[in-house]
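An overview of the molecular structure
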Amino acid sequence: MAITLGFIGFGIMGERLLRAAMAHDTSVIRVTGIYDPNPDAAAKLAVIGPGLTRFASAADVISTSDCLHIASPPASHLDYLRQCSAAGKAALSEKPLAIDVAAATIAVRDLQAVNVRAAVNFPFASSFAVDHIAGWMRDGTVGTPRRLDISTQFASWPRPWQIDAEGWLDARAEGGFVREVVSHFLFLARRQLGPLHLIGSKAGYPIDGRSERTVEAELTAGDLPVTVRGDVGSISADDHNTWTLTGSKGRIRLRDWSIAESEIDGEWQAPSEAKSNEAMRPLVLARQLDKIAAMTRGETTNLATLKEALDVQIIVEAILRSA
C-alpha cells in the first residue's frame, strides 16, 4: 500500500521533492499536498500540481499524511519534527536540523526516546557517485587514507536558483553556504571516515548582517585530518565543490555533487556512466523516495539519522561562530 507524503514548506527543496514524488511509482508514494503560508505557494502549486491540496495549516497536512517533508526555514524544523512525532507520523527534515545546537540536542534525545521515524535529507545517502567512492575505499584503490580536503566555491550567495529565499538564506541567523552546502560534505566525511572533531576555524563576514563569505577549518574525521575551504566570489561558476581523499596509493574525489573520480597516471578519470548533478538528481531523489517510504513503514534505511545531522550541525555552528 502506498504511503502518503505531505509537504511543509514549498521552496526550491520542497518543489524538487514534490516533482520527484509526483513522477514516482504511485504504488509506493502518493502526494497529499502542501502547507506553506506564502501566497506565492498557491500559484506555484496550481502550475506544478493543480490537483493537489494547499492546506490551511501544518496540523492539517500532518493529519492527512503518513510522512511529512519538512522544507520550511531552519528555525522551524525542530517544532515541525515534534508535531509529526506527536501525531505518530514519519518525517524527513531538510538540513540543517536546527540552528540552536542546545535545542537540537534536547530534541534529538527526546525524539529518539520515542523511536520517532525521522531522517534528514542529505541526498548523499542515495548518491550513485558516493557508491563509487565507498567502493573504491573498500577495494583499496586509494590505499590507506591519509587526508581529506573539502572545497566549496560560489560566484555569489545565494546561488541564482535560491534567490527567492535570500531573506533568510543570506542572513547570519539561519543561512550561509556552510549550513547549506558544506554540511553535505561533512555528513559524507562523518559517514565514510568517522566522528568529526573541530580543531580550529575562521569564518569571514565582510557584509554587515549577511552570511559568511569565506571559511577555513581544520578538523578530524575519525583519525583522519580534514581541511575545509570555501568562498564566495572567486569563481564565475554558480557552484563548484570537491571532496578529495588522499591515500597511500592515490587519490579519489567527488566533484560537483555527482562526479566520482579516481586519479590515474596524474589525470582524474570518472566512470563512463557519470553524469552531471542536474542529470543525476531525479535518479537520486527516486532512491530517496523509496527509502522515505521504507522508513515510514518502519523499515531500516541508510537515510541520514537525526544523530548524524546533529553531529554535523555541532561542527557547522562552531565554524560559524569563529568570526
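Everything in this summary refers to the structure shown in the same document.

Thresholds applied
Residues numbered from 1 in each chain as written. Predicted model: local features only at pLDDT ≥ 70, side-chain atom pairs only at ≥ 80, totals over all residues. Heavy atoms only, no water. Core = buried A, V, L, I, M, F, W, Y, C linked by side-chain atoms within 4.5 Å. Buried < 20%, exposed > 50% of the residue type's maximum accessible area, 1.4 Å probe, protein only. Helix = DSSP H or I, 4+ residues; strand = E, 2+ residues; numbered from the N terminus. Contact = heavy atoms within 4.5 Å. Phe/Tyr/Trp six-rings, centres within 6.5 Å; stacked < 30°, edge-to-face > 60°. Lys NZ or Arg CZ within 6 Å of the ring centre and 35° of its normal. Arc of directions from axis to C-beta. Pairing = 2+ DSSP bridges. Axes fitted to C-alpha atoms, helices over the stretch in contact; angles between N-to-C directions.

1. Observations concerning the nonpolar core
- One finds Leu-81, Leu-97, Leu-148, Leu-186, Leu-219, Trp-243 and Leu-245 to be the most contacted residues of the largest nonpolar core, which totals 71 residues.
- In terms of residue count, helix α8 (residues 177-193) provides more of this core than any other element does, 10 residues in total.
- When near neighbours in sequence (up to four residues on either side) are disregarded, Leu-97 contacts Pro-74, His-77, Leu-78, Leu-81, Val-108, Val-120, Leu-306, Ala-309, Leu-310 and Gln-313.
- Among the nonpolar cores identified, the runner-up in size contains 25 residues, and Ala-41, Leu-45, Cys-67 and Ile-292 belong to it.

2. Focus: the packing of aromatic side chains
- In the structure shown here, the tally under the stated rule is 7 aromatic pairs.
- Centroid distance Phe-124 to Trp-257: 5.9 Å. Interplanar angle 40°. Geometry classified as tilted. Residue Phe-124 is found in the loop between β6 (118-120) and α6 (128-138), and its partner Trp-257 is found in the loop between β12 (251-255) and β13 (259-264); the two are separated by 133 residues along the sequence.
- What makes Phe-124 buried here is its relative accessible area of 7%.
- Note on Trp-257: relative accessible area 16%, which makes it buried.
- Measuring from ring centre to ring centre gives 5.3 Å for Phe-154 and Phe-177, while their planes differ by 45°; the resulting arrangement is tilted. One end of the pair, Phe-154, is in strand β7 (residues 145-154); the other, Phe-177, is in helix α8, and 23 residues separate them in sequence. For the pair shown, Phe-154 and Phe-177 are each scored as buried.
- A connected cluster of aromatic rings, assembled from ring pairs, spans Phe-124, Phe-185 and Trp-257.
- Above the ring of Trp-161, the side-chain terminus of Arg-16 is found at 4.4 Å from the ring centroid.

3. Some thoughts on helix α4 (residues 77-86)
- Among all positions of α4, only His-77, Leu-78, Tyr-80, Leu-81 and Cys-84 are buried. For α4, the angular spread of the buried residues around the axis is 165°, confining them to a single face.
- Positive phi shows up at Gly-88, right after α4, with a value of about 75°.

4. Focus: the sheet that holds β13
- Strand order in the open sheet formed by 8 strands is β8-β9-β10-β7-β11-β12-β13-β14, with mixed pairing between adjacent strands. Of all strands in the sheet, those bounded by a partner on one side alone are β8 (196-204) and β14 (267-269). The mean angle between the axes of side-by-side strands here comes to 15°, regardless of whether they run parallel or antiparallel.
- Pairing analysis gives 5 bridges linking strand β11 (residues 240-247) to β12, with the strands arranged antiparallel.

5. Describing the pairing of strand β9 (residues 214-221)
- Sheet topology note: the β8/β9 ladder contains 8 bridges and is antiparallel. When the sheet's bridge partners are listed, His-197 is paired in β9 with Thr-220.
- Looking at chain direction, β9 and strand β10 (residues 224-232) are connected through 8 bridges and run antiparallel. Its bridge partner being in β10, Thr-220 is matched across the sheet by Pro-225.
- Linkage of β9 to β10, two consecutive antiparallel strands, is achieved through a turn of 2 residues, within which Gly-222 is found at a positive phi near 65°.

6. Points about the environment of Ala-71
- Mapped onto the elements, Ala-71 comes out in the loop between β4 (67-70) and α4.
- Assessed through its relative accessible area of 15%, Ala-71 is described here as buried.
- A sequence separation of 22 residues divides Ala-71 from Ser-93, and the C-alpha atoms of the two residues are 6.5 Å apart.
- The residues contacting Ala-71, other than those within four sequence positions of it, are Ile-8, Gly-9, Gly-14 and Glu-94.

By themselves, these figures tell us nothing about what the structure is for.
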